[in-house]
Amino acid sequence: MSSEKTGSSEKTGSQAKHIVLTSHPARFGVKPISIQWGEADPLVRGAIVGTLTNAAQRNVIGSHSGAYGVYRALAVASGQLQSDHRADLTNTSPAALLGPHPAWSDPEKIVSLDPFGAIVGEVYQPLYEQGYDIRPTIAITKAHINMPELQEAAAKGRLKIDGTIMKANGDLVVTKAAIEPVWYLPGLAKRLAVSESTLRRALFEQTGGMFPELVTRPDLRVFLPPIGGMTVYIVGDVAAITDPDRELAVRIHDECNGSDVFGSDICTCRPYLVHGIEGCIQTAQAGGAGVIVYFRKEGRALGEVTKFLVYNARKRQEGGDRADAYFARTECVAGVQDMRFQELMPDVLHWLGITRIDRLISMSNMKFDAITKSGITVVERVPIPADLIPADAQVEIEAKKAAGYYTEGQVPTEAILAAVKGRDLSD
């Protein structure tokens, strides 16, 4: 006996006889859609099918929803969700149309997301009619956001209440897109300058063998990793993003729950995020557009537990929290200073059709290098104003300047770094 669903059980009464793993659907006589990454015609490129309703249709490793797939498993296990539920996508189409752009068909430009992910309902209609369960990996909607700092900026005259971009009550009107990761493994390996086999083996081993197809199915070249995705916030006219006669401001921001949400003052994350949003609004109100890309890469992708351990180590070390030991303490705990791999970050910019950024609101040398090496021109870099840096975050900002972050002022010397200290853990 066999079961059609991956990981399903055949039961007699209440006893499960065995679990059938259908990781090689060809044995059931159904050939999944072939994926030809980089093809301009989405039907030639092939749809990404990571759903579990019919294992024979699957043509990727992993499943949709990124890290949230585990919660789906809990819902199925507890009986709250039927494992064969098929999404009703009525009225879920994008609230704004983005693309297609030339980069969508360039396998060198986009390797970590599906450029057609927001419009699967439109471009894959013939496949839906054949019964394929194709799910969006990108959703685009409209929203209002309200932040007290923006209201303050409007009160001080830095931002205008124009009734379109900023409403009378201080609401900021945005178009936003949620994007799940979709990794084309050959392209990802090339971007990281490693062999595909090395990449596959590391992914298999470092996820505890969670995805055996990484090493047993070389024919499956697309992976839906169990990680967080990203959100894009667009301020102003979406069409201005690709208009060479209109200016564009961009802020690339990596998640920092402590600062972004709760206002922790040990880093510059929320102040810089707000400063970036303000710059995007100003550019949009001048006739251009602004883009904020928010990546789920907490603690430089080291995670929040590691991040807090580092905080403790920094505050308790001999001499206190010092700028000259800022990166060293992270590496002592995590084994590496940073795991964000900004090499993949420009993919979302290419998905948006960006070829020039007039104002990159970032000091990060890693982000700047990744963006420019991908072929995007950066006209101006905008650092965070000194008066927005919290006192305890001076350790971070001076250490980053010394490490190569962009600054319009003096690059700190070793003597200056040794003198920059944060408060004690008990303060």
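Treat the numbers as computed from the prediction; the structure is a model and nothing was measured.

A. View of the environment of P102. When you line up the elements, P102 lands in the loop between α2 (69-77) and α3 (120-123). Exposure remark for P102: the relative accessible area of 71% places this residue in the exposed category. Remark: the alpha-carbon pair of P102 and A40, spanning 62 residues in sequence, is separated by 8.3 Å.

B. Up close: the side chain of R300. Secondary-structure assignment places R300 in the loop between β10 (289-295) and α11 (304-316). Buried R300, no salt bridge; nearest opposite-charge side chain is D338, N-O distance 4.3 Å. With sequence-adjacent residues up to four places away left out, R300 is seen in contact with Y326, F327, T330, Q337, D338, M339, R340 and K400.

C. Expanded view of the pairing of strand β5 (residues 172-179). Looking at chain direction, strand β4 (residues 138-145) and β5 are connected through 8 bridges and run antiparallel. Paired with K142 across the bridge in β5 is T175.

D. Representation of the pattern of salt bridges. Inspection of the entire model under this criterion finds 26 salt bridges. A salt bridge links K367 to D254, with the nearest nitrogen and oxygen atoms 3.6 Å apart. A residue pair is termed long-range when its members are at least 10 positions apart, and K367 in helix α14 (residues 365-373) and D254 in strand β9 (residues 248-254) qualify at 113 residues. According to the relative accessible area criterion, D254 is buried, its value standing at 7%. Ionic pairing is found between R322 and D324, a salt bridge with its closest N-O pair at 2.9 Å. Connected through shared salt-bridge partners, D265, R314, K315, D321, D392 and R423 make up one network.

E. Region of interest: the packing of aromatic side chains. Scanning the entire structure with this criterion turns up 7 aromatic pairs. Their ring planes at 75° and their centres at 5.1 Å tell us that F211 and F223 sit as a pair that is edge-to-face. One end of the pair, F211, is in the loop between α7 (196-206) and α8 (213-216); the other, F223, is in strand β7 (residues 222-224), with 12 residues separating them in the sequence. Like F211, the residue F223 is buried in the burial classification. Ring geometry for Y326 against F327: centres 4.9 Å apart, planes inclined by 85°, an arrangement best described as edge-to-face. Each member of the pair, Y326 together with F327, is buried. For R381, the ring lying beneath its charged end belongs to F368, and the centroid distance is 4.0 Å.

Rules used in this analysis
- Residues numbered from 1 in each chain as written.
- Predicted model: local features only at pLDDT ≥ 70, side-chain atom pairs only at ≥ 80, totals over all residues.
- Heavy atoms only, no water.
- Helix = DSSP H or I, 4+ residues; strand = E, 2+ residues; numbered from the N terminus.
- Buried < 20%, exposed > 50% of the residue type's maximum accessible area, 1.4 Å probe, protein only.
- Lys, Arg positive; Asp, Glu negative; His and termini not counted.
- Salt bridge = Lys/Arg side-chain N within 4 Å of Asp/Glu carboxyl O.
- Contact = heavy atoms within 4.5 Å.
- Pairing = 2+ DSSP bridges.
- Phe/Tyr/Trp six-rings, centres within 6.5 Å; stacked < 30°, edge-to-face > 60°.
- Lys NZ or Arg CZ within 6 Å of the ring centre and 35° of its normal.

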